[in-house]
Every structure is written in structure tokens, then in C-alpha cells.
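Structural overview
Each chain is listed here by its residues.
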Amino acid sequence: MSEKQPILGGAPAGGTGYGGGGPPAGAVPGAPPGAPATYQGQMPAADVKDDPNMKAPGPSAPPPGQLESVGGYENIGFNASALPPPSYDESERGAPPENREFKAVPTITEEEAREALLSFVAEHCCYGKKAAQEMNYTDLKSTSAFHYTLETFGEGRTTAWAYEPFIGQTIDVPQNGPAPGPWDIQAQPGALFQNGKIEIEVPHTAGVKPCHECLATGRIRCFRCQGRGRLHCHSCNGSGRESYYEDGEHRHRTCCHCDGSGRRRCYTCDGYGMITCTVCDGRASLKFYIKLTVLWTNHLEDHIVERTALPDELIRGVSGQISFEETVPRVWPIVHFPDQEVNMASKNLVTKHASSYANERILMQRHKVRIIPVTQAYYKWKDNDANYFVYGFEKKVFAPDYPQKCCWGCSIQ
Ligand SMILES: [Zn+2]
Ligand SMILES: [Zn+2]
Ligand SMILES: [Zn+2]
């Protein structure tokens, strides 16, 4: 069995055949001049079985202590650390507004209540419309729901060491000047009250270092064959022979996938046992720098005042009259709204937001009160005394007790 020599550790023998397993002749692609053609380090004693689903493992972290410390950024690592924002100067806030105007909200008529119910019935294929057409209204009670929302738009900043392949880009070294403080760097959000994120290289913090992953060679051991350049042939399971059936007999022949060697050239490294370093992208050097991440978050909280049997959360999804809206760097709680519960909610949420985001600089706040019309329509139909709700400018209907919920067709199911 000359084709199946025992395989020991070390670099695989060269070979040119399809199944031989060795690397192809010629220079190693991507390798720096003078680099060994094949993997020379430790590897398993035998070819490894291929797992086609195997993914390249993540890179290792750079060793600590490799980087010089930068003034103002002494204690940062490779994980993002939050930076407390500069404190807010209360004198910028101004006095609370005195006269805020609140707009009233329209009510609806019987006709509108019936129309709303009819279109609600039409949306439900098995509801009968007779009840909606024939019902007699006994009362229409118009009330208003209040929806208070407070948004606090904050900016958080974190810093961490970062690195990327060094491809000859400009390096802004510490010798160029002192690094600006993390809150002194300009960054504008794309839009107010919308979440967003940007990453910025802190000026004067960059440098170039040899790649720690490949020890500055640009190439690392192949994860698939673990450096051997060859894999166990999966067609013959390493035996070099395959069986087939002919003329009523099981016969054996040389495996055509590996030419009988029982092994195949690794398709990830092309037989070299090494692949391009995934950290430096084969460049052997890395650019290190301090990365500032700016994160904008809109914190939104609300409170609904709704005093009928209508489920409160339904108020959130419909439009109403914006009775009051204010956008300023720091809002003052609403105190003069005609409904005390709204004033209370405003006070509680404004107080809560003032202390909830210690790691963020608050850029802007917005609060508003929406008034949503809610009409409870009482009616009589046949022997039924019931009611339903029409709410929001869309005139949505909430009618859990609608008397004709099932037509004859679906009641037999
Ligand atoms: Zn390989
Ligand atoms: Zn084979
Ligand atoms: Zn590398």
C-alpha cells in the first residue's frame, strides 16, 4: 500500500495530484517574502475530518500592556466603557412657562357613531349589520382620554481601543498633540428624538503595531485542516477504496476522489496549512487607535388617562388633538392642565427622567398631551341594552358586546 503511508506530524509532503494533498507549486499567495511556504508550527498527528459547516474562529484579543497610554484615556481597554457626561448647568434652563394653552376636542353625533359602527361591522366578515342599522340610541356620552408622553433624547459616549489592518493609511500619532477629551469631540445626531450611532477615531491616539494574531507574518494556521494542508477523504472515509455494485457483486476500486490516498488537499488553505490572517488581512501590521462611540437614544414614556371601560392601551394607537406640545432642552412639568392626573403624570415622569440617564448628556426633551375623543354609545336593539365605544379621530370602534357577532354560517362550525 504505497499510496497509504502512515502520516506523522509535521508539514505534509509535496504533491501535485488532485488527491495528493500537498500544496501547489509556486509562491504562497499573500505571504511576505521569505515566509515559509507551509505551516511549520504544531498540528495534529493525523489528518482531521472535514466539517463543511465549520466557520473560522474569532480572532484573539491583543495582549494587554502592548499599547502606550494616551493622556485623558489612561484606563481604557478593548471593551467599551461609558463616560459620565459633563454636568448640566441649571441656570440655562430658564423659568417655567406660565400660561400654557390647551386646546379642546370635538365630540361626535349619533350619525357619526352609527357610521363608525357600520364600518367596524364591515371589517368583520361574520358580523351582521342589522343591529347597527336598526339600533336606537339611548345616550351618547362624550369623554376625553388624555395621553401624555415625555421624550428625553440623550447622548452617551464610550471609548475603547480598536484596531484594523494597517494598509498605509495616515496615522495620527500622539506626537501630533494632546488628544481631545471624549466630550470635546464634535458629533451631531442625524435627527432629534431618533436613535442613532456613530464611531469616531479620537485624534492623536493612533499607532502601528505588529499583528498579534499572526506574529506579523500575515498568515495563520488553517482552522479547517489545523495546519496539515490535508483532510481525511470523506468519500472513502480515509480508506482509499470505495465499493460499487456490478454484475450482481459488490466490488472495490480505488477512490476516485482521493486517487486512493485516503486524503484530500484542504480546500480552505489550498494545501498550505496556512491562510491569510483574518485580523490584519495579511498586512502583518495593525493600526491601533482609540475609538469613540456616540450613541443617541430616545427615551419615551407615557401615561394614559382614560376613565371609561375602554382598554387604556387602545388610546396609544389612534390620533387625537395635540392639546399641548413643547420641545426644549429641559422641560418643566405641566401644572395647569385641566386634568390633575395629567399634571401628576407629567411631574412624575419629568422627575424620573431627570435622574434616570446618568451616563447620558440630555440634548433635548419633548412632552405633549394629546386629547383623544371617546364616545360611549348606549343603545337598545331587540332585547339588548348595551353600549360600545367610538374613539380617536379615526373613529375606531370597540364593541365587545355587539349583539350580531356571528352570522348563521359561522355559528354551525
Ligand atoms: Zn487547511
Ligand atoms: Zn477517498
Ligand atoms: Zn495578522
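To keep things clear, this report deals only with the structure shown in the data block. (Residues numbered from 1 in each chain as written. Chains lettered and ligands numbered in written order. Predicted model: local features only at pLDDT ≥ 70, side-chain atom pairs only at ≥ 80, totals over all residues. Heavy atoms only, no water.)

1. Overview of the environment of Lys368
Under the convention used in this document: Each helix corresponds to a stretch of at least 4 residues labelled H or I by DSSP, and each strand to a stretch of at least 2 residues labelled E; elements are numbered beginning at the N terminus. What makes two residues a contact is simply this: any of their non-hydrogen atoms within 4.5 Å.
Take Lys368: it is sitting in strand β13 (residues 360-381). Residues Lys368 and Phe324 lie 44 residues apart in sequence; the distance between their C-alpha atoms is 5.3 Å. What Lys368 contacts, discounting residues up to four positions off in sequence, is His147, Tyr148, Thr149, Phe324 and Glu325.

2. Concerning the coordination of the zinc ion (ligand 1)
Perfect tetrahedral coordination of a metal by four donors corresponds to 109.5 degrees between them, and perfect octahedral coordination by six donors corresponds to 90 or 180 degrees. Here is the rule we go by: Donor criterion used throughout: N, O or S atom within 2.8 Å of the metal, extended to 3.2 Å for Na, K and Ca. Water excluded; incomplete-looking sites may result. Site shape is set this way: if four donors have all angles between 85 and 135 degrees, tetrahedral; if opposite donors are over 155 degrees apart and all others between 65 and 115, square planar for four donors and octahedral for six; otherwise irregular. Throughout, exposure labels follow a simple rule: accessible area from a 1.4 Å probe, protein chains only, divided by the maximum for the residue type, with under 20% read as buried, over 50% as exposed, and the rest as partly exposed.
Donor atoms from the polypeptide that coordinate the zinc ion (ligand 1) comprise Cys222 (SG), Cys225 (SG), Cys266 (SG) and Cys269 (SG), at 2.3 Å from the metal. Geometry at the zinc ion (ligand 1) is tetrahedral, judged from the four donor atoms that bind it and their angles of 102 to 117 degrees at the metal. Look at where the donors of the zinc ion (ligand 1) fall in the sequence and you get C-x2-C-x40-C-x2-C. Classification of Cys269 as buried rests on a relative accessible area of 5%.

3. Some remarks on the side chain of Thr152
Note the following rule: A 3.5 Å cut-off defines polar contacts: any pair of N or O atoms within that distance qualifies, except that in protein one atom must be a possible hydrogen donor and the other a possible acceptor, and neighbouring residues in sequence count only when both atoms are side-chain atoms.
Counting through the fold element by element, Thr152 comes out in strand β2 (residues 136-165). Exposure remark for Thr152: the relative accessible area of 0% places this residue in the buried category. In terms of polar contacts, Thr152 uses its side chain to reach the side chain of Gln365, at 2.9 Å.

4. So, the nonpolar core
What counts, and what does not: Throughout this description, the term nonpolar core refers to a set of buried Ala, Val, Leu, Ile, Met, Phe, Trp, Tyr and Cys residues connected via side-chain atoms within 4.5 Å.
If you look at the biggest cluster of nonpolar residues, it comprises 35 residues, and the most contacted ones within it are Tyr73, Trp161, Val202, Cys211, Cys277, Ile290 and Leu292. Mapped by element, the contributors of at least two residues to this core are β2 and β11 (285-305). Apart from the residues within four sequence positions on either side, Val202 is in contact with Tyr73, Ala179, Pro180, Ile185, Ile290 and Leu292. The next biggest cluster of nonpolar side chains, apart from the first, holds 20 residues, and it includes Ala132, Tyr137, Val390 and Tyr402.

5. With respect to the pairing of β13
Note the following rule: Note on pairing: DSSP must find at least two bridges between two strands before they are called paired.
Taking burial as the measure, the 22 residues of β13 include 17 buried ones, the bulk of the element. Sheet topology note: the β2/β13 ladder contains 20 bridges and is antiparallel. Counted as the bridge partner of Glu151 is Arg366 from β13. When strand β12 (residues 321-328) meets β13, the two strands line up antiparallel, connected through seven bridges. Following the sheet pairing, Phe324 is matched in β13 by Val369. In this sheet, strand β14 (residues 384-391) lies alongside β13 in antiparallel orientation, the contact comprising eight bridges.

6. As for the coordination of the zinc ion (ligand 3)
Ligation of the zinc ion (ligand 3) by protein atoms is provided by Cys211 (SG), Cys214 (SG), Cys277 (SG) and Cys280 (SG), these donors lying 2.3 Å from the ion. Taken together, the four donor atoms coordinating the zinc ion (ligand 3) and their angles of 103 to 117 degrees define a geometry best described as tetrahedral. Mapped onto the sequence, the donors of the zinc ion (ligand 3) take the spacing C-x2-C-x62-C-x2-C. For the residue pair Cys277 and Cys280, the accessibility class agrees, reading buried in each case.

7. Description of the layout of surface pockets
In this approach a probe as big as a water molecule rolls over the atoms, and the regions it shows empty are the leftover space. In plain terms, the rule: A pocket, in this scheme, is an open set of points on a 1 Å grid over the protein atoms alone with protein on both sides within 12 Å along at least 5 of 7 lines, while a cavity is a set where a 1.4 Å probe fits but cannot get out; residues line either one if an atom lies within 4 Å of a point. Grid points are joined across faces, edges and corners, and a volume is the space filled by probe spheres set on the points. Under the scheme applied here, ten amino acids are nonpolar (Ala, Val, Leu, Ile, Met, Phe, Trp, Tyr, Cys and Pro), four are charged (Asp, Glu, Lys and Arg), and all others, including Gly, are polar.
Estimates place the volume of the largest pocket at around 430 Å³. Split by residue class, the lining of the largest pocket holds eleven nonpolar, five polar and six charged. Space inside the second largest pocket adds up to approximately 220 Å³. The wall of the second largest pocket is formed by 18 residues, among which Glu68, Val70, Pro174, Thr205 and Ala206 lie closest to the centre. Of the residues belonging to the lining of the second largest pocket, the class tally is nine nonpolar, seven polar and two charged.

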